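Now for the letters of each chain:
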Amino acid sequence: SASAGFGKNLRKNMYYKIQDFSFKNIDKFSTASIVTRLTTDVTNIQNSYQMIIRIAVRGPVMIVFSMIMAFGVNKRLSLVILALIPILGIGLYLIISNVHPIFKKVFGIYDNLNRVVQENLKAIRVVKAYVKEDFEKEKFNKISYDIFKEFSKAEKILALNGPLIQFCMYACVLLLSWFGAKSIVSKSMTTGELTSLIFYAAQILMSLMMFSMVFVMITISRSS
């Protein structure tokens, strides 16, 4: 796929770029950091690119056409959908702004994890000779726990994404049903038009839900 080719080209270009580094730059970035850049970071960017070309292109098109159809059915009730979009946008922005620094910190801890593993592999005979297995295990477990702790904190914040989308979706349906029922009673709208409007609202909010998943992936890849 396009994302796999993008990942391959990115790794290749980064690898050849590293070959041109001066000794000063190699000391600055460290081997552990370069390994993280070539593996975890590239994979995150590749996944983000895949979601962008698959969902971020299709999502806005569905939103625009669903909104046009909704306004074609009833302009006044369609404003309810427009009113909920900024609430969703603000909520997603707050989630992303809180999660980004945590992911940035986690990828820094990944460098330390790679460094510890690299040290153990290079100096395995020394570790065994001085009977330092328990010490090295404790050091590895501490860094692993730090990654687990920070990732858990980030995932807990990202988990708010689902309830936020569900809140906006059901609030939209309830408001459309409430105001639509009054319009049906006053004969200014038919039951079929209300059903169509709810369907278009669901399409819009489902597209926004998919779009929010892209934003989550972009947040992670932004740190990478």
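The rules we used
- Residues numbered from 1 in each chain as written.
- Predicted model: local features only at pLDDT ≥ 70, side-chain atom pairs only at ≥ 80, totals over all residues.
- Heavy atoms only, no water.
- Helix = DSSP H or I, 4+ residues; strand = E, 2+ residues; numbered from the N terminus.
- Rg over C-alpha atoms; globule rule 2.2 N^0.38 Å.
- Buried < 20%, exposed > 50% of the residue type's maximum accessible area, 1.4 Å probe, protein only.
- Phe/Tyr/Trp six-rings, centres within 6.5 Å; stacked < 30°, edge-to-face > 60°.
- Salt bridge = Lys/Arg side-chain N within 4 Å of Asp/Glu carboxyl O.
- Core = buried A, V, L, I, M, F, W, Y, C linked by side-chain atoms within 4.5 Å.
- Expected span 1.5 Å × (residues − 1).
- Arc of directions from axis to C-beta.
- Contact = heavy atoms within 4.5 Å.
- pLDDT = per-residue confidence, 0-100.
- Axes fitted to C-alpha atoms, helices over the stretch in contact; angles between N-to-C directions.
- Parallel < 35°, antiparallel > 145°, perpendicular 65-115°, else oblique.
- Left-handed = near helix turned anticlockwise from the far one by under 90°.
- Nonpolar A, V, L, I, M, F, W, Y, C, P; charged D, E, K, R; others polar.

Enquirer: Run through the overall build of the protein, naming residues and quoting values.
Expert: Tallying secondary structure elements over the protein gives 9 helices and 0 strands in all. Each helix (α) and strand (β) of the protein, taken in turn from the N terminus, gives the series α-α-α-α-α-α-α-α-α. Taking 2.2 N^0.38 as the reference for a compact globule, 224 residues should give roughly 17 Å; the C-alpha atoms of the protein span a radius of gyration of 25 Å, well beyond that estimate. By its C-alpha atoms, the protein is 90 × 35 × 25 Å across when sized along the principal axes. Out of the 224 residues belonging to the protein, those deemed buried represent 34%.

Enquirer: Before we move on, can you summarise the packing of aromatic side chains with the specific residues and values?
Expert: Think of a pair of aromatic rings as described by two things: how far the centres are apart, and how the planes are tilted against each other in angle. Considering all chains together, one arrives at 4 aromatic pairs under this definition. Ring centres of tyrosine 145 and phenylalanine 148 lie 5.9 Å apart, and the angle between their planes is 40 degrees; this geometry places the pair in the tilted category. In this pair, tyrosine 145 and phenylalanine 148 both sit in helix 7 (residues 133–158), 3 residues apart, roughly one turn of the helix.

Enquirer: Please give an account of the pattern of salt bridges that cites residues and values.
Expert: Within the structure shown, the criterion is met by 4 salt bridges. Linking aspartate 146 and lysine 142 is a salt bridge whose minimum nitrogen-to-oxygen distance equals 3.7 Å. With a gap of 4 residues between them, aspartate 146 and lysine 142 both fall in helix 7, about one helical turn apart. Of the charged contacts, one joins glutamate 150 and lysine 153 as a salt bridge, the two residues approaching to 3.9 Å between their closest N and O atoms. Of the two residues, glutamate 150 and lysine 153 both sit in helix 7, 3 residues apart, roughly one turn of that helix. What makes lysine 153 partly exposed here is its relative accessible area of 42%. What you see here is one network of salt bridges that share partners, running through Lys105, Glu150 and Lys153.

Enquirer: Would you mind going over the environment of asparagine 112 in detail, with residue names and values included?
Expert: Looking at the element boundaries, asparagine 112 is found in helix 5 (residues 75–122). Counting along the chain gives 79 residues from asparagine 112 to serine 33, while the straight-line C-alpha distance between them is 8.0 Å.

Enquirer: Tell me what's going on with the nonpolar core, and back it up with residues and numbers.
Expert: The biggest cluster of nonpolar side chains holds 43 residues, and the ones touching the most others in it are Ile81, Leu88, Phe103, Ile147, Cys172 and Leu176. Where this core is concerned, the elements lending two or more residues are helix 3 (31–56), helix 4 (58–73), helix 5, helix 7, helix 8 (161–185) and helix 9 (191–223). The element contributing the most residues to this core is helix 5, with 16 residues.

Enquirer: Quick one: what's the story with helix 1 (residues 2–19), residue by residue and with numbers?
Expert: Taking 1.5 Å per residue as the helical rise, helix 1 with its 18 residues ought to reach 26 Å, and the 26 Å between its terminal C-alpha atoms agrees with that figure. Restricting attention to buried positions, one finds in helix 1 the residues Ser3, Gly7 and Ile18. For helix 1, the arc enclosing every buried residue in end-on projection is 45 degrees, short of the 170-degree limit, so these residues lie on one face. Seen from the open side of helix 1, the exposed residues pointing more than 90 degrees away from its buried face are Lys8 and Asn13. The inward-facing, buried residues of helix 1 contact helix 3.

Enquirer: Outline the confidence of the model for the protein, supporting the account with residue identities and numerical values.
Expert: Looking at the protein as a whole, the pLDDT averages 81, with 100% of positions reaching at least 70. Averaged over each element, pLDDT in the protein is lowest for helix 6 (residues 124–129) (74) and highest for helix 1 (86).

Enquirer: Give me the packing of helix 5 against helix 7: which residues, what numbers.
Expert: The geometry of a pair of packed helices is captured by two quantities: the angle between their axes and the separation between those axes. In the contact formed by helix 5 and helix 7, the axes pass within 9 Å of each other and the chain directions differ by 165 degrees. The orientation of helix 5 with respect to helix 7, classified from their angle, is roughly antiparallel. Like other packed secondary-structure pairs, helix 5 and helix 7 cross with a definite hand, here left-handed. Looking at the contact of helix 5 with helix 7, its residues break down into 17 nonpolar, 4 polar and 8 charged.

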